[in-house]
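This is what each chain is made of:
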Amino acid sequence: MKIYFLSLGCDKNLADSSHMLGLLSKEYEITDICEDADIAFVNTCAFINDAKDESVNTILELAELKKNNLKFLVISGCLSQRYYEDLKNLIPEIDGFLGISAINNVLSDLQRIVAGEKVYDLPDINLSQHIVEKRFMAPPFHYAYLKIAEGCDKKCSYCSIPNIRGNYRSIPKEELIKEAKYLAENGASELILVAQETTVYGQDLYNEKYLPKLLNELSEIEGIEWIRVLYAYPEEIDDNLIEVIKTNRKVCKYLDIPIQHSSDSILLRMGRRTSNEDLRRIISKLRKEIPDIALRTSLITGFPGETEEDHRNLIDFVKEIGFDKLGVFKYSREEGTLAYNFDDQVKASVKNRRQKEIMKLQAEISMELNSKFKDRVTKAIIDGYDPQNDVYIGRIYRDAPDVDGCVFIENATNLISGSFVNVHITDYDKYDLIGEICDESCE
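Residues numbered from 1 in each chain as written. Predicted model: local features only at pLDDT ≥ 70, side-chain atom pairs only at ≥ 80, totals over all residues. Heavy atoms only, no water.

The relative placement of two packed helices is expressed as an angle between their axes plus a distance between the axes. Contact pair helix 2 (residues 49-64) / helix 3 (residues 78-90): the axes reach a minimum separation of 12 Å and the direction vectors enclose 60°. As summarised for this structure, helix 2 and helix 3 are arranged oblique, according to the angle between their axes. Viewed along their axes, helix 2 and helix 3 form a crossing whose handedness is right-handed. For the pair helix 2 and helix 3, contact is made by Lys52, Ser55, Val56 and Ile59 and by Leu79, Arg82, Tyr83 and Leu87, respectively. Its residues assigned to classes, the contact of helix 2 with helix 3 shows five nonpolar, one polar and two charged. (Axes fitted to C-alpha atoms, helices over the stretch in contact; angles between N-to-C directions. Helix = DSSP H or I, 4+ residues; strand = E, 2+ residues; numbered from the N terminus. Parallel < 35°, antiparallel > 145°, perpendicular 65-115°, else oblique. Left-handed = near helix turned anticlockwise from the far one by under 90°. Contact = heavy atoms within 4.5 Å. Nonpolar A, V, L, I, M, F, W, Y, C, P; charged D, E, K, R; others polar.)

Okay, the sheet that holds strand 14 (residues 325-330) next. On the basis of which strands lie adjacent, the open sheet formed by six strands has the order 7-10-11-12-13-14 and parallel pairing. Each edge of the open sheet is held by one strand with a lone partner, namely strand 7 (143-147) and strand 14. For this sheet, the mean inter-axis angle between neighbouring strands, taken without regard to orientation, is 20°. Across the sheet, helix 6 (residues 173-185) is in contact with strand 7 and strand 10 (190-194); its angle to strand 7 comes to roughly 170°. Contacts from helix 13 (residues 348-371) reach strand 13 (294-301) and strand 14, with the element oriented near 175° to strand 14. (Pairing = 2+ DSSP bridges.)

Okay, helix 6 next. Between the first and last C-alpha of helix 6 there are 18 Å, a value that for 13 residues agrees with the 18 Å anticipated at 1.5 Å per step. Listing the buried residues of helix 6 in full gives Leu176, Ile177, Glu179, Ala180, Tyr182, Leu183 and Ala184. Contact partners of the buried residues in helix 6: helix 1 (11-24), strand 7, strand 10 and helix 8 (211-219). (Expected span 1.5 Å × (residues − 1). Buried < 20%, exposed > 50% of the residue type's maximum accessible area, 1.4 Å probe, protein only.)

Written out as structure tokens, the structure is:
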């Protein structure tokens with residue numbers, strides 16, 4: 001039988017999906033054409049309302065295919081975990097619901113479904129569970145997300161993740177090293193470390209923040225050239241992590257630091273553990289110790305009670321700090337969170353305006369930062385080729401895939417995805433660089 005598998009939402013979901021596909025591919029054929037499939041499988045997201053809408057709409061579209069050739073429809077992930085009671089009534093075409101801790105059971109669950117059983121496999125969300133078997137490798141092969149932990153203990157007032165994914169559980173380092181070696185053997189030259197929070201990795205297992213040591217151990221794996229860290233909470237960044245980013249040549253001088261806001265009153269209502277002063281101190285230290293570090297952040301606009309003064313505080317902060325990369329989410333009111341019942345909910349029109357204002361400012365900042373790369377030579381990894389524009393697409397250390405910019409490489413031939421090249425930057429725009437291959441050494 002053929003399976004059409006769709007992974008929605010975050011990169012952590014992608015890692016989970018590749019593990020499930022690794023098991024499923026033992027007994028089923030994987031197809032990327034949904035009309036050819038006997039089974040449709042969706043790994044869903046339910047982090048914010050937009051993600052829930054996308055997941056539900058995707059499931060409804062696939063449910064329509066059961067009128068034709070599709071025999072079974074299965075969902076897993078956050079939406080399945082959180083809303084299966086509603087979904088089983090709303091969309092009776094769904095044949096199986098797998099929770100976030102049911103990854104290891106995916107093959108046996110599907111066998112039960114194919115045998116005609118409705119399956120509701122929703123074990124304890126705090127179950128420590130990880131796949132150590134071979135992952136299913138799908139393009140692009142040259143970079144891979146390595147999920148190092150599950151769940152979160154922070155319990156920010158706006159966030160539903162602790163309710164859906166449970167408490168923070170680090171994945172043992174031995175399993176991560178084994179998985180990273182497998183990825184490298186199968187073509188991955190860039191590892192991207194993800195979790196709800198990467199910076200406290202190992203505290204529950206080793207009684208210390210083990211991320212710096214894990215980075216050093218991963219860097220010893222043959223074939224791995226770049227290691228990138230996402231979702232580093234600012235209050236947990238310490239001297240050991242800074243030192244590894246500063247000195248280990250394989251660890252990209254890049255850090256994703258979700259700060260969410262800069263107004264002390266909003267940070268307090270969000271349940272964040274930093275103040276405006278804390279954020280300035282941490283960012284200043286990072287840039288002092290690692291002058292060429294690229295900092296990405298994410299913000300929430302329109303949080304309950306956010307005034308125009310709070311918004312102006314955030315605008316001024318973004319302007320002053322000059323983040324290399326930045327994304328803005330409009331506050332999403334999530335059931336089961338503390339902020340759901342907060343007074344002073346902000347109108348959608350106000351959220352939209354504030355988001356646009358911040359992104360307009362960031363476009364100006366990004367243009368200015370990109371201008372500083374003109375005439376420089378920098379190392380880039382090749383992601384692919386755009387035949388329509390006859391350019392190769394690459395990324396430099398400042399760019400994570402899918403969320404950041406890229407470098408368009410002109411006048412080049414026969415470049416292989418995953419290879420590293422030196423690029424002379426000849427031009428730029430708001431978010432991307434333009435360049436040509438050169439023989440000069442990188443700065």
